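Chain by chain, the residues run as shown.
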Amino acid sequence: MPPHKKKFLAAGLSCTVLLVLAGCSSNSTSAGTSSTTTGASTGGGSSKTITVGVLTDQTGLASSEFATAAAGVKAGVGVAGTEGYHIKYVVGDTNSSPAGALSAAQKLVEQDHVFAVLGLSSLTFSASNYLTAQGIPVVGASFDGPEWLSPKSYNMFSVIGNLDYTKVTTTTGVFMKSKGVTNLGALGYSISPSSAAAARAAGVSAQAQGIQAGYINDSFPFGGTNVAPVALAMKSAGVNGVNLNVDPNTAFSLVAALKQQGVNLKVALLPTGYGGDLINSGPAAIQAAQGDYFLSTFEPIEMHTAATQAIQSAFATYAGIHNDPTFAQYLGYLSVGGLVLGLQKAGANPTQSSVINALSHITNYDAAGLWGGHQTVDWSQRPMGETQCYWVTKLSGSTFHLVSGSIPICGTIIPGKSV
């Protein structure tokens, strides 16, 4: 294991970075101060300060999932500082719109002169062609669209693997069947290619296990909470299990509406919402989500592994976060770590092209140990393959409990099935 990787997993490190989040407005950025770490590097770092842009959904409908991303970046930058990597960052707010995502990316590159971009947005696809044309290294998460899969996107590297949402895996169907679901409902957003495809794929995965796909809606308005018609339609279809490939605000609203309609759900499975996403939503959301199941792309902190303890320590030390992390915070932290891997391998005087080249030669990315050895991603391949393992927790009270047999649950691609 490289020295840098050992450090990024270690707890109790120190560095001072401050990000001011207040006052984000349309097409604006918020500047973060540079690290104060000085002196010789222990991990091959450079004394040069690197400016990084964080493309994320700070305001608007998608902010329910990604407003916390910058706090994860802050924790990652703190750890990077101990390796001698001096990082300053600015936040580009997409305002949760495709046009806003492109405008924010253009400002980050042309006015803020960022060295790299962390793509932590539901709308990164709107800016990807521009960032690729500019030769900007992009590290982030491929939950928004198919651009991460394209060989043309040679500059983009996903810390969750490059998911091809058009392919169908056994994961959803197997889990639903194990919990007694006989009729599945699924929901996705019309504007998001990945969300829409994931909703359709959930239905096909269920059918492969003999489960009826009674209600599949892949065209719900982005970020919407007018879920009453959907709840009524699911009830009419006889749905007793749901897979909701939408942001937490939509998912929590729909689960509450279904329960109000008297729908007896054997499973409400939410791919987002685990951890701080739910806990920070307040008592009403917590009450509505009692008994719901939550997918996590990484080891939940309830596992108390070396990797989860390291990330908790980083959040506490550098970002003042002492409660359950959010999905976006996981991603922000790991995106910085992924970029630093590229910087470390690019040598003492990294350029944008040398960092892209270095990242392109990483064949066993392991999410800072947060996949527990169950999978790795080969960043040298386009496409890089699909992340197929997920960790499932169930909410009881205000605590997430590990679900036996699903820590993790790993599926396989169903041959000949696509959406």
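A. Region of interest: the overall build of the chain. A tally of helices and strands in the chain yields 14 helices and 16 strands. Here the chain holds 419 residues, and the buried ones make up 59% of them. Considering only intrachain contacts with a sequence separation of at least 6, the fraction spanning at least 24 residues in the chain is 71%. With the model as given, the accessible surface of the chain reaches about 14600 Å², and the carbon-plus-sulfur share is 52%.

B. Molecular detail of empty space enclosed by the protein. In the structure shown here, the tally under the stated rule is four cavities of 30 Å³ or more. Put simply, the largest cavity is a space of about 790 Å³. As for the largest cavity, its lining consists of 42 residues, and the residues nearest its centre are Tyr165, Ala198, Asn245, Pro271 and Tyr390. At the level of elements, helix H2 (63–66), strand S7 (167–169), helix H6 (171–178), helix H7 (193–208), strand S10 (241–245) and strand S13 (389–396) are the ones that each hand at least two residues to the lining of the largest cavity. Take the lining of the largest cavity: its biggest share by element is six residues, from H7. Its residues assigned to classes, the lining of the largest cavity shows 22 nonpolar, 14 polar and six charged.

C. Quick peek at the pattern of salt bridges. This structure, assessed with the given rule, holds three salt bridges. Of the charged contacts in the structure, one is a salt bridge between Asp218 and Arg200, with a shortest N-O distance of 2.8 Å. Here Asp218, found in strand S9 (residues 212–220), pairs with Arg200, found in helix H7; they are 18 residues apart in sequence, far enough to count as distant. Judged by relative accessible area, which is 29%, Arg200 ranks as partly exposed. Where Asp292 meets Lys259, a salt bridge forms, and the shortest distance between an N and an O atom there is 3.5 Å. With Asp292 in the loop between helix H11 (283–288) and strand S12 (293–296) and Lys259 in helix H9 (residues 248–260), this pair connects stretches of sequence that are 33 residues apart. According to the relative accessible area criterion, Asp292 is buried, its value standing at 3%. The exposure class of Lys259 is partly exposed, given its relative accessible area of 35%.

D. Highlighting the side chain of Thr172. Structurally, Thr172 can be placed in helix H6. In this structure, Thr172 is in contact with Ala202, Ser205 and Asn243, ignoring residues within four places of it in sequence.

E. Representation of H9. Its 13 residues give H9 an end-to-end C-alpha distance of 18 Å, which sits within 8% of 18 Å, the value for a rise of 1.5 Å per residue. In the segment just after H9, Gly262 is the residue with positive phi, at about 80°.

F. Focus on the state of the cysteines. Evaluated as defined, the whole model comprises one disulfide. A sulfur-sulfur distance of 2.0 Å marks the disulfide that ties Cys389 to Cys410. Measuring the twist about the S-S bond at about 115°, one finds the Cys389-Cys410 disulfide to be right-handed. In this pair, Cys389 sits in strand S13 while Cys410 sits in strand S15 (residues 409–410), placing the two residues 21 residues apart along the sequence. Classification of Cys389 by relative accessible area gives buried; the value is 5%.

G. Molecular detail of the confidence of the model for the chain. In this model, the chain carries an average pLDDT of 86, and 88% of its residues clear a pLDDT of 70 or more. Across residues 1–7 the pLDDT falls below 50, and counting only partners more than four positions away or on other chains, this stretch makes 14 contacts in the model. Of the regions scoring below 50 in pLDDT, residues 9–43 engages in 93 contacts with residues more than four places distant in sequence or in other chains.

H. Quick peek at the packing of aromatic side chains. Within the structure shown, the criterion is met by 12 aromatic pairs. Considering the side-chain rings of Phe175 and Tyr293, the 5.4 Å spacing of their centres and the 75° angle between planes classify their relative orientation as edge-to-face. With Phe175 in helix H6 and Tyr293 in strand S12, the pair connects residues that are 118 residues apart, well separated along the chain. We note that Phe175, like Tyr293, is buried. Members of the aromatic cluster, each reached through a chain of ring pairs, are Phe157, Phe298, Tyr330, Tyr365, Trp371 and Trp379.

Cut-offs and rules
Residues numbered from 1 in each chain as written. Predicted model: local features only at pLDDT ≥ 70, side-chain atom pairs only at ≥ 80, totals over all residues. Heavy atoms only, no water. Helix = DSSP H or I, 4+ residues; strand = E, 2+ residues; numbered from the N terminus. Buried < 20%, exposed > 50% of the residue type's maximum accessible area, 1.4 Å probe, protein only. Contact = heavy atoms within 4.5 Å. Areas by Shrake-Rupley, 256 points an atom, 1.4 Å probe, with all protein chains shown as cover. 1 Å grid on protein atoms, 1.4 Å probe; cavity = no way out; pocket = protein on both sides within 12 Å on 5 of 7 lines; lining within 4 Å. Points joined across faces, edges and corners; volume = space filled by probe spheres on them. Nonpolar A, V, L, I, M, F, W, Y, C, P; charged D, E, K, R; others polar. Salt bridge = Lys/Arg side-chain N within 4 Å of Asp/Glu carboxyl O. Expected span 1.5 Å × (residues − 1). Disulfide = S-S within 2.5 Å. pLDDT = per-residue confidence, 0-100. Phe/Tyr/Trp six-rings, centres within 6.5 Å; stacked < 30°, edge-to-face > 60°.

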